[in-house]
Amino acid sequence: MGVATMDANNSSDTDKARREYLVFALGKEEYGIDILKVQEIRGYDAVTRLAKSPSFIKGVINLRGHIVPIVDMRIKFDVGNVIYNDFTVVIILNVLNRTVGMVVDGVSDVIELSGDDIRPAPEFGAVMNTNYIQGLGVVGERMIIMVDIEKLMSSDEMALMDAAVAANV
Amino acid sequence: MTFDMSQFHQVFFDETAEHLVNMESLLLAINVQQPESEDLNAIFRAAHSIKGGAATFGFSDLAELTHVLENLLDKVRKNELPLSRDIVDASLLSGDLLKEMLAFHRGDEPVDEARIAVLKQKLEQLSVPGAAAVPSAPVAAPAVAASGRLHIEIYPPVAMAVEELWQRLAALGSLQIMQALDEQADPVIPALAVLTTASPCDDVVEMLAFLLPPESFKVVEDITVEDDGVGFFSLPALAPAGDIAFEEDGFGLFAPLPASTASPNADIAFEEDGFGLFAPLPAATASSKPGVAFEEDGFGLFEPLAAAPAAAPVPAAHHAPSPAKEPVRAEPRAATAGAATAGENSIRVSTDKVDLLLNLVGELVITQSMLMQYGSGLDSVEHENLLNSISLLQRNSRELQEAVMSIRMMPIAFVFNRFPRVVRDLAGKLDKQVELKMVGENTELDKGFIEKLSDPLTHLVRNSLDHGIESPEQRRAKGKKETGLLTLRAFHEGGSIVIEVTDDGAGLRRDKILSKARESGLPVSDTMSDTEVWALIFEPGFSTAAEVTDVSGRGVGMDVVRKNIVAMGGRIDISSMVDIGTTMTIRLPLTLAIMDGMSIKIADETYVLPLNYILESLQPKPSEVKTIAGRGQVVSVRGEYLPIVSVAEYFSIDAPASQPDKSILIIVESSSQKVALMVDELLGQQQFVVKNLEANYRKVEGLSGATIMGDGRVALILDVAAIVRMNLQKAHGEILTAQLH
């Protein structure tokens with residue numbers, strides 16, 4: 001159901017304007033998120049573990065005075081090699097007035113897509129629940145899964161917000 | 001282009017709240033018999049500013065009520081009405097209602113319309129001079145649609161009761177009585193009224209002609225009644241003269257000035273929109289100044305044209321020595337100017353901005369301490385200049401941090417200021433005589449506390465008045481002064497602020513508290529120390545009041561007070577002596593944003609423990625640690641057995657289970673429960689900038705926040721209260737399970 005409405009939104013929003021998406025890799029799949037939600041990309045270090053949280057919440061970091069939680073999407077979606085080294089990438093997102101860091105396998109590039117380039121997603125076997133998938137972006141030979149990152153980050157399964165806060169979203 | 005006013009609403013709310021506070025404190029301080037004109041003016045100005053703001057922002061309910069209040073206050077400040085206790089009470093009540101309305105606009109419960117209507121009527125009655133003479137003055141009926149405005153004057157001889165006349169007029173439309181008839185006065189003061197009616201002027205004249213002799217009434221129709229009520233009646237042969245100063249648009253001016261004698265004295269100041277002024281100055285008699293200012297949209301004041309030579313226009317007649325008028329007028333101007341200058345010295349900044357600043361400074365301090373750390377590895381001779389600069393940077397950034405912190409600090413007067421009113425009202429209600437003394441109002445504390453303190457403090461003050469201070473008879477019987485003394489005192493002590501509520505009343509009764517505690521099934525014994533006994537009154541559901549009054553005694557107060565204070569990271573103590581009095585002492589950390597803490601290490605993780613929970617830390621001997629079958633371990637500290645809570649276990653930290661006798665135990669106390677926290681290492685004590693986790697994440701049980709350490713890493717702050725509570729629940733749970741088996 002989400003697919004159809006999302007598609008309708010997209011066609012009205014993006015038909016004329018082309019928008020930019022940041023593409024990152026998780027396992028063998030490529031995902032795209034609205035670049036306006038991305039604050040910065042940084043390395044992975046100095047994470048303070050938070051007790052009593054799910055395993056994919058690695059902890060919190062000090063991002064210039066702000067305490068920012070870090071989620072590891074590789075653990076969450078059980079893909080890729082979960083190792084932390086100098087090449088581990090954290091995408092710092094700004095969603096719903098909150099800052100969240102997300103560890104992915106890698107960031108490849110920024111692409112520009114118009115509404116026409118995004119096709120409705122069929123029910124398929126991506127690691128992410130299709131509820132969070134806006135559609136499939138096609139760039140040449142590549143197929144990029146477009147993710148509604150706000151919806152994903154505020155979902156219950158990410159456990160990033162108190163229920164009351166998430167309910168207000 | 002539409003202009004979004006709502007962005008300024010917050011400013012209006014804040015300012016109005018300030019004006020209300022200001023007005024209330026002035027009203028409370030005022031001497032009813034001999035009010036200072038400066039104070040009256042200040043009160044008026046406050047009401048006036050609220051009205052102006054409310055009207056600008058479209059809060060018509062606020063504007064309407066303040067408008068009525070302002071009319072009354074205006075008359076008082078012009079000495080047209082003597083100040084009375086009734087007026088003060090009504091004004092205070094208006095302040096209360098305005099506050100409620102304000103709260104409503106901020107998203108609270110709506111205010112009961114009926115109360116507003118009753119108050120408005122009361123204010124209007126009070127503002128009619130000689131209200132007693134015209135008790136049934138029909139006031140402000142709902143405005144009549146598409147109506148004309150008639151200015152009516154009545155002179156003696158009046159063949160009938162004026163009241164009856166008013167009633168008949170009121171039946172035609174909305175009647176506003178400006179001035180009551182006074183036949184005794186010399187010269188006779190005519191009755192004045194403004195009738196807003198749909199009936200044609202002629203009908204009204206006819207009706208009056210039917211009731212009164214033709215020479216004793218006069219009706220003038222105000223043609224331009226619309227909106228601002230600009231009615232300029234330039235009667236033939238009359239010209240406005242003299243230095244009449246207007247300040248804003250929209251007046252109706254009737255200034256029949258018989259030529260030649262005119263006046264250096266028509267020195268009339270208007271303050272805002274919409275006046276009608278009729279100021280006929282009979283020749284040669286221009287002894288006094290018709291310094292009459294009305295602030296109503298489009299009123300008319302008719303002075304007797306035909307009056308006796310000595311005719312002093314009425315309002316001025318009250319101004320005993322008329323030259324005094326000039327200074328009186330000048331004064332508020334000067335004061336306004338003064339207030340404006342004071343206003344320019346402070347700016348209103350959102351707390352977000354201050355917090356951001358605080359954040360940045362915190363970052364700077366961290367960066368500086370990192371520099372310091374790297375610098376310490378350098379050769380002190382070779383890099384002397386660099387090291388000197390680093391230590392200079394340290395001093396500067398510390399000073400900067402203090403300065404930024406002080407922005408958040410506000411004098412406690414913001415909390416104390418409400419108490420003169422609370423005490424006055426309550427003492428009246430309880431028939432007690434109480435003098436309130438406030439000491440150290442300028443003691444500063446974090447703005448966050450200011451708001452949270454007022455409820456607990458009000459509880460304490462009410463308690464002191466209700467249970468503490470005795471009735472005058474009892475006090476006399478005890479040989480005390482009839483007037484009880486309630487002292488609010490605030491001062492700094494070490495890193496905390498102390499607030500004391502002291503009364504010289506009956507004191508707490510040990511026997512009463514103990515017997516009450518037994519009744520409620522609390523574990524007590526006669527050997528308990530006084531401090532322990534006094535602490536009982538903080539237990540939920542505890543009240544020793546002989547009877548439940550509407551002031552206190554429901555037993556919900558004190559435990560909530562303690563809960564609130566503890567939530568702020570503070571604590572409350574009681575000391576009391578029978579018949580000498582009781583002192584409640586609240587201790588709070590200076591600020592919420594910075595906390596003294598002890599950093600501790602568990603395995604390789606660093607945590608911070610708020611210092612105010614820590615009693616002591618110790619390394620126990622193996623013999624002092626006992627294991628209770630299935631319930632974990634306890635440690636004996638000077639004969640007291642305290643449960644040991646392993647922080648590593650609590651946070652499921654992966655580390656080899658350590659032995660209590662090989663680690664460090666920190667004894668913490670929360671809600672009178674002591675627990676020994678087991679940690680691996682104490683790192684040191686310092687100040688921490690507290691940050692919350694919920695901003696970007698969510699609440700984590702057992703953690704009250706996070707902070708940033710000198711190396712830039714995040715350390716988590718332990719929520720001692722939650723850990724202690726959890727330990728208690730666990731213990732209860734186990735007892736319950738044991739009982740079940």
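Residues numbered from 1 in each chain as written. Chains lettered and ligands numbered in written order. Predicted model: local features only at pLDDT ≥ 70, side-chain atom pairs only at ≥ 80, totals over all residues.

What follows is about the overall build of chain B. A count of helical and extended segments in chain B gives 20 helices and 25 strands. Taken over 741 residues, chain B has a buried fraction of 35%. Of the contacts made within chain B by residues no fewer than 6 positions apart, 64% connect residues no fewer than 24 positions apart. (Helix = DSSP H or I, 4+ residues; strand = E, 2+ residues; numbered from the N terminus. Buried ≥ 20, exposed ≤ 12 C-beta atoms within 10 Å, placed from the backbone. Contact = placed C-beta atoms within 7 Å.)

With that settled, consider the overall build of chain A. Of regular secondary structure, chain A possesses 4 helices and 11 strands. Across the 169 residues that make up chain A, the buried fraction comes to 37%. Considering only intrachain contacts with a sequence separation of at least 6, the fraction spanning at least 24 residues in chain A is 59%.

Further remarks concern the sheet that holds strand β4 (residues 57-63) of chain A. Working definition: the strands of a sheet are paired by backbone hydrogen bonds and lie parallel or antiparallel to each other. Residue and element names in this part refer to chain A. A sheet is described by the order of its strands in space; here 5 strands give the open sequence β3-β6-β7-β5-β4, paired in mixed fashion. On the outer flanks of this sheet lie β3 (38-43) and β4, each paired with one strand and no other. Averaged over all adjacent pairs, the angle separating strand axes in this sheet is 30°, with direction ignored. Note: strand β6 (residues 89-95) against strand β7 (residues 98-104), 7 bridges, orientation antiparallel. Across the sheet, Val-95 pairs through a bridge with Arg-98, a residue of β7. (Pairing = 2+ DSSP bridges. Axes fitted to C-alpha atoms, helices over the stretch in contact; angles between N-to-C directions.)

Before going further, it helps to spend a moment on helix α5 (residues 113-127) of chain B. Over its 15 residues, α5 of chain B extends 21 Å from the first C-alpha to the last, a length consistent with the 21 Å expected when each residue adds 1.5 Å. For α5 of chain B, the secondary structure elements touched by its buried residues are α3 (60-77) and α4 (85-105) of chain B. (Expected span 1.5 Å × (residues − 1).)

Contacts between chain B and chain A engage 25 residues on the former and 22 residues on the latter. Looking at the side of chain B that touches chain A, the elements with two or more residues in it are α10 (351-375), β24 (703-708) and β25 (714-718) of chain B. Here the residues of the side of chain B that touches chain A sort into 11 nonpolar, 6 polar and 8 charged. (Nonpolar A, V, L, I, M, F, W, Y, C, P; charged D, E, K, R; others polar.)

Residue and element names in this part refer to chain A. Note that strand β9 (residues 118-119) and strand β10 (residues 133-139) share 2 bridges and pair antiparallel. Bridging from a neighbouring strand, Ile-118 pairs with Gly-137 of β10. As defined by bridge partners, β10 adjoins strand β11 (residues 142-147) across 6 bridges and the pair is classed as antiparallel. Its bridge partner lying in β11, Val-139 is registered against Arg-142. Taken together, β10 and the strand that follows it, β11, pair antiparallel across an intervening segment of 2 residues, in which Gly-140 is found at a positive phi of about 60°.

What follows is about the sheet that holds strand β14 (residues 581-589) of chain B. Residues and elements named next belong to chain B. The sheet built from 5 strands is open, its strands ordered β9-β11-β12-β14-β13 with mixed pairing. Strands at the two margins of the open sheet, each flanked by one partner only, are β9 (434-439) and β13 (571-577). Between one strand and the next, the sheet's axes are offset by a mean angle of 15°, whatever the strand orientation. Two elements, β13 and β14, share 7 bridges in a ladder whose sense is antiparallel. Considered in β14, the bridge of Met-577 is made with Gly-581. Sheet strands in contact with helix α13 (residues 419-430) are β9 and β11 (484-493), and its direction is about 165° off that of β9. Contacts from helix α14 (residues 447-468) reach β9, β11, β12 (496-503) and β14 within the one sheet, and its direction differs from that of β12 by about 20°.

A few words now on unusual backbone geometry. With a phi angle near 65°, Asn-97 of chain A is a residue other than glycine that sits in the positive phi range. Along the polypeptide, Asn-97 of chain A turns up in the loop between β6 and β7. A positive phi is found at Asp-431 of chain B, a non-glycine position, where the angle reads about 55°. Within the secondary structure layout, Asp-431 of chain B lies in the loop between α13 and β9.

All names here are of chain B. Scored by pLDDT, chain B has a mean of 72; 70% of the residues are at 70 or more. Here helix α8 (residues 314-317) stands out as the least confident element of chain B, with mean pLDDT 40; β25 is the most confident, with 91. Segment residues 131-146 is flagged for pLDDT under 50; beyond a separation of four residues in sequence, or across chains, it makes 32 contacts in the model. In this model, residues 546-555 is a region of pLDDT below 50 whose contacts with residues beyond four sequence positions or in other chains number 21 contacts. In the model output, the complex is listed with pTM 0.50 alongside ipTM 0.81. (pLDDT = per-residue confidence, 0-100.)

Take the nonpolar core next. Across soluble globular proteins, nonpolar side chains have a tendency to be buried as a group. Ranked by internal contacts, the top residues of the largest apolar core, which has 85 residues, are Val-71 of chain A together with Val-647, Ala-676 and Leu-677 of chain B. When residues no more than four places from it in sequence are discounted, the contact partners of Leu-677 of chain B are Val-645, Val-647, Leu-665, Ile-666 and Val-668 of chain B. Core analysis: the second largest hydrophobic core is formed by 36 residues, Phe-419, Val-423, Leu-465 and Ile-537 of chain B among them. (Core = buried A, V, L, I, M, F, W, Y, C linked by C-beta atoms within 7 Å.)

Further remarks concern the packing of α10 of chain B against helix α11 (residues 384-407) of chain B. All names here are of chain B. Contact geometry of α10 with α11 gives a least axis separation of 9 Å together with a crossing angle of 160°. On the basis of the axis angle, α10 is roughly antiparallel to α11. The handedness of the crossing between α10 and α11 comes out as left-handed. Side by side, α10 and α11 meet where Val-354, Leu-357, Leu-358, Val-361, Leu-364, Val-365, Gln-368, Leu-371, Met-372 and Gly-375 of the first sit next to Leu-386, Leu-387, Ile-390, Leu-393, Gln-394, Ser-397, Leu-400, Gln-401, Val-404 and Ile-407 of the second. (Parallel < 35°, antiparallel > 145°, perpendicular 65-115°, else oblique. Left-handed = near helix turned anticlockwise from the far one by under 90°.)

This brings us to the packing of α4 of chain B against α5 of chain B. Residue and element names in this part refer to chain B. In contact at an axis separation of 10 Å, α4 and α5 are set at 150° when each is read in the N-to-C sense. Comparing the axis directions of α4 and α5 gives the class roughly antiparallel. In terms of crossing hand, the pair formed by α4 and α5 is left-handed. Facing Asp-86, Ile-87, Ala-90, Leu-93, Ser-94 and Leu-97 of α4, the residues of α5 in contact are Arg-115, Ile-116, Leu-119, Lys-122, Leu-123 and Leu-126. The residue inventory of the contact of α4 with α5, partitioned by class, reads 8 nonpolar, 1 polar and 3 charged.

What follows covers α4 of chain B. Residue and element names in this part refer to chain B. Relative to the 30 Å expected for 21 residues at 1.5 Å per residue, α4 spans 30 Å between its end C-alpha atoms, a close match to the ideal helical length. Contacts from the buried residues of α4 go to α1 (9-29), α2 (37-57), α3 and α5. One or two positions beyond α4, positive phi appears at Gly-107, with a value near 110°.

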